Amino acid sequence: MKIVSKSLVILGLSIGTLLTSCSEEEILEDLTGGCIAINAIENYSAALDRYGNDPSVENCESLKAASIAYLSALDDCPLIEDADLEEALRDASETNCED
């Protein structure tokens, strides 16, 4: 599933950075200029966990929506390339949960 692999890279960088510091807010500010909402990361992570434990169509749709919301939160982040973000959003939007 392309949506998972591309989004995992972005999420992994974010979470990896969070784990090495005292303050989530400071890390997010340093990493993105404050343009990522913590709740978007938490919602994506929760949806990914649910899908990993139960890869149902419903959980896939939830992961798809959380991925789009998370990627959309990255839209104005200075460290994210627009072309990469557009491709990830396109892949997320085109994810077929019926397969």
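Each value, and the rule that gives it
Residues numbered from 1 in each chain as written. Predicted model: local features only at pLDDT ≥ 70, side-chain atom pairs only at ≥ 80, totals over all residues. Heavy atoms only, no water. pLDDT = per-residue confidence, 0-100. Helix = DSSP H or I, 4+ residues; strand = E, 2+ residues; numbered from the N terminus. Phe/Tyr/Trp six-rings, centres within 6.5 Å; stacked < 30°, edge-to-face > 60°. Buried < 20%, exposed > 50% of the residue type's maximum accessible area, 1.4 Å probe, protein only. Disulfide = S-S within 2.5 Å. Core = buried A, V, L, I, M, F, W, Y, C linked by side-chain atoms within 4.5 Å. Expected span 1.5 Å × (residues − 1). Arc of directions from axis to C-beta.

**A word on the confidence of the model for the chain**
Here comes step 1: Per-residue confidence for the chain gives a mean pLDDT of 78, with 64% of residues at or over 70.
Here comes step 2: Here helix H1 (residues 2-18) stands out as the element of the chain with the lowest mean pLDDT, 55, in contrast to helix H4 (residues 57-73), whose mean of 93 is the highest.

**Some remarks on the packing of aromatic side chains**
Here comes step 1: Taken as a whole, this structure holds 1 aromatic pair when the rule is applied.
Here comes step 2: On the basis of an interplanar angle of 25° and a centroid distance of 5.6 Å, the ring pair of Tyr 44 and Tyr 70 is categorised as stacked. With Tyr 44 in helix H3 (residues 38-53) and Tyr 70 in helix H4, the pair connects residues that are 26 residues apart, well separated along the chain.
Here comes step 3: Taking relative accessible area as the criterion, Tyr 44 reaches 0% and is therefore assigned buried.

**Focus on the state of the cysteines**
Two cysteines form a disulfide when their sulfur atoms are joined by a covalent bond.
Here comes step 1: The tally for this structure, following the rule as stated, stands at 1 disulfide.
Here comes step 2: Bridging Cys 60 to Cys 97, the disulfide has an S-S length of 2.1 Å. In this structure, the disulfide formed by Cys 60 and Cys 97 twists by about -75° around the S-S bond and is classed as left-handed. Here the residue Cys 60 occupies a position in helix H4, and Cys 97 occupies one in the segment after helix H5 (82-93), the gap between them amounting to 37 residues.
Here comes step 3: By relative accessible area, Cys 60 is classed as buried at 4%.
Here comes step 4: A residue is classified by how much of its surface remains accessible, and Cys 97, at 6% relative accessible area, is buried.

**Some points on the nonpolar core**
Here comes step 1: Formed by 18 residues in total, the largest nonpolar core has its most connected members in Tyr 44, Leu 63, Tyr 70, Leu 71 and Leu 74.
Here comes step 2: Sorting the residues of this core by element identifies H3, H4 and H5 as the ones contributing at least two each.

**A few points about H5**
Here comes step 1: With 12 residues, H5 ought to run about 16 Å at 1.5 Å a step, and its terminal C-alpha atoms sit 16 Å apart, in line with that.
Here comes step 2: Looking at H5, one finds that the buried residues are Leu 85, Ala 88, Asp 91 and Ala 92. Each buried residue of H5 sits inside an arc of 130° when the element is viewed along its axis, so together they form one side. Residues Ala 83 and Glu 86 are exposed on H5 and point more than 90 degrees away from its buried face.

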